[in-house]
Amino acid sequence: MIASLGMYDRAETAGANDRLWALIRDGLRRRGVAAPDLLTRGAGAYWPAWTSPDLVLSQTCGLPYRAELHDKVSLIGTPDYGVQDCPPGYYRSIFVARADDPRPRAADFADAAFAYNDGLSQSGWAAPKAWFAAQGLALTPTLCTEGHAASARAVAEGRADFAAIDAVTWSLLQSYDPVAKALKVVGQTDPSPGLPLISAASATGAAHFDAVAQAIADLAPDDRQILRLKGLVRIPSAAYLAVPIPAAPQAARPSI
């Protein structure tokens, strides 16, 4: 059995994620669903977990869900992080540049060197690509960093001019990573459905939703604040599938 909550898991949030999982795990077991004692972390928390027939619960990104996973997994629900000016369960990307860069707006970065975390990231690639296209502007993917925090560092260190960071991750970076002080916000994308919770295709989903929703409600207020969690909502699969899938970025993947 596999369970992972890796999308917003970092050293400062790991304890809160463990306590959240303990509540979810016990809630699933009370509802007759077998669940592992501990979360899987590291590389196994992502694609190996998402595609495993033994997946009990994980969190993926909207782009992998609609591009490759939607017909292979059960959609459980979407955590609501209370992202400002977004509907419950939705989020957006924050465009960041170096604090000393004279350009004030994201549109000023057309054709500038863009760092992105992954070509299958909604917040790091698809949402900024769509935003620039809507403005009639070019987005130039230059550096693939393999992580939002790595994209932030690439901009701060001058290896790229700007990046798009998931709004929840940006909030965490502002709290826990000094790199945020070297950056400024120059814009934001439109809202899109947030990072969904999934289980193996064989899961019915109702027990999982109820267990997660109750666990979030029962989580200590300090832990909810650490994780930015407000609740769990149902966003239909059709809302994810309606978001366009952009062409993959054409940029080298250098060592970071």
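Everything below is about the structure shown above.
Note that this is a predicted model, so its numbers are computed, not measured.

Rules used throughout
- Throughout this description, residue numbers start from 1 for each chain and increase along the sequence as written.
- Whole-chain, interface and lining totals are the exception, using all residues; otherwise, since this is a predicted model, local features are given only for residues with pLDDT of at least 70 and side-chain atom pairs are given and counted only at 80 or more.
- Side-chain metrics rest on all non-hydrogen atoms present in the structure, leaving aside hydrogens and water.
- The working definition used for a salt bridge is a side-chain nitrogen of Lys or Arg within 4 Å of a carboxyl oxygen of Asp or Glu.
- Helix numbers and strand numbers start at the N terminus; a helix is a DSSP run of H or I with at least 4 residues, a strand a run of E with at least 2.
- For our purposes a nonpolar core is just a set of buried Ala, Val, Leu, Ile, Met, Phe, Trp, Tyr and Cys residues, chained together by side-chain atoms within 4.5 Å.
- Note on exposure labels: buried denotes an accessible area under 20% of the residue type's maximum, exposed denotes more than 50%, and partly exposed covers the range between, all computed with a 1.4 Å probe on protein chains only.
- Each axis is a line fitted through C-alpha atoms, and for a helix only the stretch in contact is used; angles between axes span 0 to 180 degrees, taken between their N-to-C directions.
- When an angle is under 35 degrees it counts as roughly parallel; over 145 it counts as roughly antiparallel; between 65 and 115 it counts as roughly perpendicular; any other value is oblique.
- It is the rotation of the near helix from the far one that decides the hand of a crossing: anticlockwise by less than a right angle makes it left-handed, clockwise makes it right-handed.
- Contacts are assigned to residue pairs with any non-hydrogen atoms lying within 4.5 Å of each other.
- Being paired, for any two strands, means DSSP has found at least two bridges between them.

### Re the pattern of salt bridges
Okay, so step 1: Following the criterion strictly, the structure yields twelve salt bridges and no others.
Okay, so step 2: Close ionic contact of Arg 98 with Asp 161 constitutes a salt bridge, the shortest N to O distance being 3.5 Å. Of this pair, Arg 98 sits in strand 5 (residues 93-98) while Asp 161 sits in the loop between helix 5 (148-156) and strand 8 (162-166), placing them 63 residues apart in sequence.
Okay, so step 3: Bridged by salt links that share partners, the residues Arg 98, Asp 101, Arg 103 and Asp 161 form one connected network.

### Brief notes about the nonpolar core
Okay, so step 1: By size, the foremost hydrophobic cluster in this structure holds 47 residues, and its most contacted members are Leu 20, Trp 21, Ile 24 and Trp 170.
Okay, so step 2: Those elements that provide at least two residues to this core are helix 1 (14-30), strand 2 (55-59), strand 5, helix 5, strand 8, helix 6 (167-176) and helix 7 (206-218).
Okay, so step 3: Judged by nonpolar contacts, the second largest core, of 15 residues, contains Ala 97, Ala 106, Tyr 116 and Trp 125.

### Digging into helix 5
Okay, so step 1: Turning to helix 5, its buried residues number three or more, namely His 148, Ala 150, Ser 151, Ala 152, Ala 154 and Val 155.
Okay, so step 2: Immediately beyond the C-terminal end of helix 5, within one or two residues, lies Gly 158, with a positive phi of roughly 85°.

### Comments concerning the packing of helix 1 against helix 7
Okay, so step 1: Packing of helix 1 against helix 7 leaves a shortest axis separation of 8 Å and a crossing angle of 140°. Relative to helix 7, helix 1 is oriented oblique. Relative to helix 7, the crossing made by helix 1 is right-handed. Here helix 1 contributes Leu 20, Leu 23, Ile 24, Gly 27 and Leu 28 to the contact with helix 7, which in turn contributes Ala 207, His 208, Ala 211, Val 212, Ala 215, Ile 216 and Asp 218.

### Focus: the pairing of strand 8
For a regular strand, side chains alternate in direction, first toward one face of the sheet and then toward the other.
Okay, so step 1: The buried fraction of strand 8 amounts to five of the five residues, a majority that puts the element mostly inside the structure.
Okay, so step 2: Of the two faces of strand 8, the one carrying Phe 162, Ala 164 and Asp 166 and the one carrying Ala 163 and Ile 165 are both buried.
Okay, so step 3: One ladder, built from five bridges, connects strand 5 with strand 8; its direction is antiparallel. Across the sheet, residue Ala 97 finds its bridge partner in strand 8, namely Phe 162.
Okay, so step 4: When strand 6 (residues 113-116) meets strand 8, the two strands line up parallel, connected through two bridges. Bridge pairing in strand 8 places Phe 114 opposite Phe 162.

### With respect to unusual backbone geometry
Okay, so step 1: Although it is not a glycine, Asp 85 adopts a positive phi angle of roughly 65°.
Okay, so step 2: Here Asp 85 shows up in the loop between strand 3 (73-80) and strand 4 (90-91).
Okay, so step 3: Among the residues examined, Asp 85 registers a relative accessible area of 62% and is labelled exposed.
Okay, so step 4: One non-glycine residue, Glu 146, lies in the positive phi region at around 75°.
Okay, so step 5: Position of Glu 146 relative to the elements: it lies in the loop between strand 7 (140-144) and helix 5.

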